[in-house]
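Here is how the chains run, residue by residue.
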Amino acid sequence: MLWIRNGRIMDPETGLDQTGDVLLDGNQIVKIGKVEDAADDCQIIDASGQIVAPGLIDVHVHFRDPGFTYKEDLTTGAAAAAAGGFTTVVCMANTKPVVDSVEIYEEIAERCKKLPIRVLQAAAVSKGFQGKELVDMDALYKAGVKGFTDDGLPLMDENVVRKAMEKAKELDVPISLHEEDPAYIKQPGVNQGKVSKQLGYGGASYMAEAVMVKRDCQLALETGASVDIQHISSAQAVEYVKEAKEKGAHVTAEASPHHFTLTEEAVLKYGTLARMNPPLRTEEDRMRIIKGLQEGTIEVIATDHAPHSKEEKEKSLAEAPSGITGLETALGLGITELVGKGYLSMMELLEKMTVNPAKLYHLPQGRLQEGCPADLVIFDPEEEWIVKDYKSKASNSPFTGWKLKGKVKYTICDGKIAEG
C-alpha cells in the first residue's frame, strides 16, 4: 500500500480540489480524503505543499524503437516520461520497420510490458507510410492497437483518408493526422516569414497546415470519426478546428508546449534546436493557440517528444532533422507559461494533460477517483528548477538553461513509484 498524505488533491474530471490523503492498494486508488491509518508496511509520502494529480498522459511521442535507438529507445523514453510526470504515453509508428503489421506491433507491445510506465504503441494508417494502401486496421485493433497515425508524414490522398476515417469510426478509435501539404513548403522546419527571409531559407507556409486541416475537418464531419489534429501551429488552423467543432465534428486538436511558448524568432537564437515540423510561427499564431486552449478548441497538450542525436542537430539548418525533446519540460512549461501568466488555471492545465487525452484514447487513466487506476503525479507547483539534466538519450531542446516552475516529485504508475 502507498499512503500519500496531506497533498492538494486535484481531479480535473470531477473538479475535486481539496487538501487530504490518497491511499493506493496495488494498482487501484482505494481512498481519497482523510485516511486514519493503514497497514504497518504501508509506504508513506508526505505531499504537504504539493499537488497530487492524475498521472500525465501524452498521446504523441517518438521513442524511435525499433530502428533509431541511437536517438532514444523504449527504456530511456520511459525514463524521460516518468521524470516529466507522465504515466501513459502513445508512441508514433514512424519506426524502422514502420508499425504496420500485427507482428511488429506485438513485438513492441511485449517489450513495453516491462517498462515502469504505460507505453502504448500506435499503428500506421498506411502500409509502409506510403499513403496509398491502408493497413489491416481490424487485425491491429484486435491485437490491441488503440489508435492509428502516419505522424511525420501527411496523408495526401483524400480517398485513403476517408476510408481510414470510416474504419476508425467503425472501430471507435482515434485517427491522428500530421497536417503539412508539401506544395506549400519550400524548406521545412522554419516558418515562411520574416525570419526565413532574414536567413535566406525557403520555409514552410502556414497554408501547408491550414489546407490540410480544413480538408480533414470536413472529412471528420462527414464520416463521424474521432480525428486528432496533431501539433497545431497556426491561427488559421485553430479557426478551422473551432468551426468544425461548432458544426459537430469529433475533432480534437493537440498543442505542443513549444508552440504555445516560442515563436519563429527562436530560430535566430537557438538555431536547429528550434527547427521543427510544423514550425514555430508568429506571435499572432502563438496567442491564437493559447486562446484555443482557453476556449476549449484545443483540448489536449501533447509534447511531440522528438529526440535526435547531438551530431544530427549540429548540422546546418537545411540538413538537421526537425523536432525537440519535450517530456521532461512539458509540465514546467505549462505551469510557467500558461498558469503562471494567467492564461489557464492549474485545473484547466491538468485537464488538457490528463483526462482529455485519456478520453481521446478511451483510457481509464487520467482520473484521480476511488476505484480508478493508481496512476498519479505529485509535484510542487511553486518550486523553481533549471532545465539541464535529461533522462532521455537526447538533449535537443531550446529550453536547456531555462528556469521553470513546477517540479515533479513522484511519478506513480500502477501503484508503484516510477520516479521519485
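Nothing here was measured: the structure is a model prediction, and the numbers come from that model.

1. Remarks on the environment of Tyr141
No. 1: Looking at the secondary structure, you find Tyr141 in helix α3 (residues 137-143).
No. 2: A residue is classified by how much of its surface remains accessible, and Tyr141, at 38% relative accessible area, is partly exposed.
No. 3: In this structure the C-alpha to C-alpha distance between Tyr141 and Asn159, which are 18 residues apart in sequence, comes to 21 Å.
No. 4: Apart from residues no more than four positions distant in its own chain, Tyr141 is found in contact with Phe148, Leu171 and Val173.

2. What about the sheet that holds strand β12 (residues 251-255)?
No. 1: Pairing within the open sheet is parallel, and its five strands lie in the order β9-β10-β11-β12-β13. Every interior strand has two partners, whereas the edge strands, β9 (148-149) and β13 (300-301), have only one.
No. 2: Here two bridges tie β12 to β13, and the two strands are oriented parallel to one another. Residue pairing for β13: Glu254 is matched across the bridge by Val300.

3. Brief notes about the packing of helix α12 (residues 330-339) against helix α13 (residues 346-353)
No. 1: Interaxial distance between α12 and α13 falls to 10 Å at its minimum, and their mutual angle equals 145 degrees. Seen along the crossing, α12 lies across α13 with a hand that is right-handed. Side by side, α12 and α13 meet where Ala330, Leu331, Gly334, Ile335, Leu338 and Val339 of the first sit next to Met346, Leu349 and Met353 of the second.
No. 2: Partitioned by chemical class, the residues of the contact of α12 with α13 number eight nonpolar, one polar and no charged.

4. Thoughts on the packing of helix α7 (residues 235-246) against helix α10 (residues 283-295)
No. 1: Between α7 and α10, whose axes approach to 8 Å, the crossing angle comes to 25 degrees. Taken together, the axes of α7 and α10 are roughly parallel relative to one another. Contacts between α7 and α10 involve Ala235, Val238, Glu239 and Lys242 from the former and Asp285, Arg288, Ile289, Gly292 and Glu295 from the latter.
No. 2: Looking at side-chain class alone, the contact of α7 with α10 contains three nonpolar, one polar and five charged residues.

5. A short note on the packing of aromatic side chains
For any pair of aromatic rings, the description consists of the separation of the ring centres together with the inter-plane angle of the planes.
No. 1: Within this structure, the stated rule accounts for one aromatic pair.
No. 2: Ring centres of Phe399 and Trp402 lie 4.8 Å apart, and the angle between their planes is 85 degrees; on these two criteria the pair is classed as edge-to-face.
No. 3: Exposure remark for Phe399: the relative accessible area of 1% places this residue in the buried category.
No. 4: We note Arg5 situated over the ring of Trp3; from NZ or CZ to the ring centre the distance is 4.8 Å.
No. 5: Positioned above the aromatic ring of Trp385, the side-chain terminus of Lys407 is 4.8 Å from the ring centre.

6. Comments concerning the pairing of strand β14 (residues 376-386)
No. 1: Alignment of strand β5 (residues 51-54) against β14, held across four bridges, turns out to be antiparallel. By the bridge assignment, Ile51 is partnered in β14 with Phe379.
No. 2: Where β14 lies against strand β15 (residues 403-413), eight bridges are found, and the strand directions are antiparallel. Directly across from Trp385, in β15, lies its bridge partner Leu404.

7. What about the sheet that holds strand β8 (residues 118-121)?
No. 1: Taken in spatial order, the three strands make up an open sheet running β6-β7-β8, and their pairing is parallel. The open sheet has two edge strands, β6 (56-61) and β8, and neither has a second partner. Adjacent strand axes in the sheet meet at a mean angle of 15 degrees when their direction is disregarded.
No. 2: In this sheet, β8 lies alongside strand β7 (residues 86-91) in parallel orientation, the contact comprising four bridges. Bridge assignment links Val90 to a residue of β8, and that residue is Leu120.

8. What to know about helix α6 (residues 206-223)
Note: α-helices contain 3.6 residues per turn, so residues at a spacing of three or four share the same orientation.
No. 1: Taking 1.5 Å of rise per residue, 18 residues should cover 26 Å, and α6 covers 26 Å from first to last C-alpha, within 8% of that figure.
No. 2: Considered for burial, the residues of α6 that qualify are Ala208, Glu209, Ala210, Met212, Val213, Arg215, Asp216, Cys217, Leu219, Ala220 and Thr223.
No. 3: Capping the start of α6, Ser205 holds a side-chain oxygen 3.0 Å from the backbone nitrogen of Met207, two or three residues further along.
No. 4: Phi for Gly224, located one or two positions after α6, is positive at around 80 degrees.

9. Observations concerning the side chain of Glu254
No. 1: Mapped onto the secondary structure, Glu254 falls in strand β12.
No. 2: Of the side chains bearing the opposite charge, Lys245 lies closest to the buried Glu254, which forms no salt bridge; the N-O distance is 12 Å.
No. 3: At 3.3 Å, the side chain of Glu254 forms a polar contact with the backbone nitrogen of His231.
No. 4: Here Glu254 is in contact with Val59, His60, Asp228, Ile229, Gln230, His231, Ile232, Ile298, Val300 and Ala302, once residues within four sequence places are set aside.

10. Let's talk about the environment of Val241
No. 1: Assignment of secondary structure puts Val241 in helix α7.
No. 2: For Val241, a relative accessible area of 1% translates into the label buried.
No. 3: As for Val241 and Ala80, which are separated by 161 residues in sequence, their C-alpha atoms are 31 Å apart.
No. 4: When sequence neighbours within four positions are dropped, the list of residues in contact with Val241 reads Val213, Cys217, Ile229, Ile232, Val251, Ala253 and Thr297.

Cut-offs used in this document
- Residues numbered from 1 in each chain as written.
- Predicted model: local features only at pLDDT ≥ 70, side-chain atom pairs only at ≥ 80, totals over all residues.
- Heavy atoms only, no water.
- Helix = DSSP H or I, 4+ residues; strand = E, 2+ residues; numbered from the N terminus.
- Buried < 20%, exposed > 50% of the residue type's maximum accessible area, 1.4 Å probe, protein only.
- Contact = heavy atoms within 4.5 Å.
- Pairing = 2+ DSSP bridges.
- Axes fitted to C-alpha atoms, helices over the stretch in contact; angles between N-to-C directions.
- Left-handed = near helix turned anticlockwise from the far one by under 90°.
- Nonpolar A, V, L, I, M, F, W, Y, C, P; charged D, E, K, R; others polar.
- Parallel < 35°, antiparallel > 145°, perpendicular 65-115°, else oblique.
- Phe/Tyr/Trp six-rings, centres within 6.5 Å; stacked < 30°, edge-to-face > 60°.
- Lys NZ or Arg CZ within 6 Å of the ring centre and 35° of its normal.
- Expected span 1.5 Å × (residues − 1).
- Polar contact = N/O pair within 3.5 Å; in protein donor to acceptor, adjacent residues only side chain to side chain.
- Lys, Arg positive; Asp, Glu negative; His and termini not counted.
- Salt bridge = Lys/Arg side-chain N within 4 Å of Asp/Glu carboxyl O.

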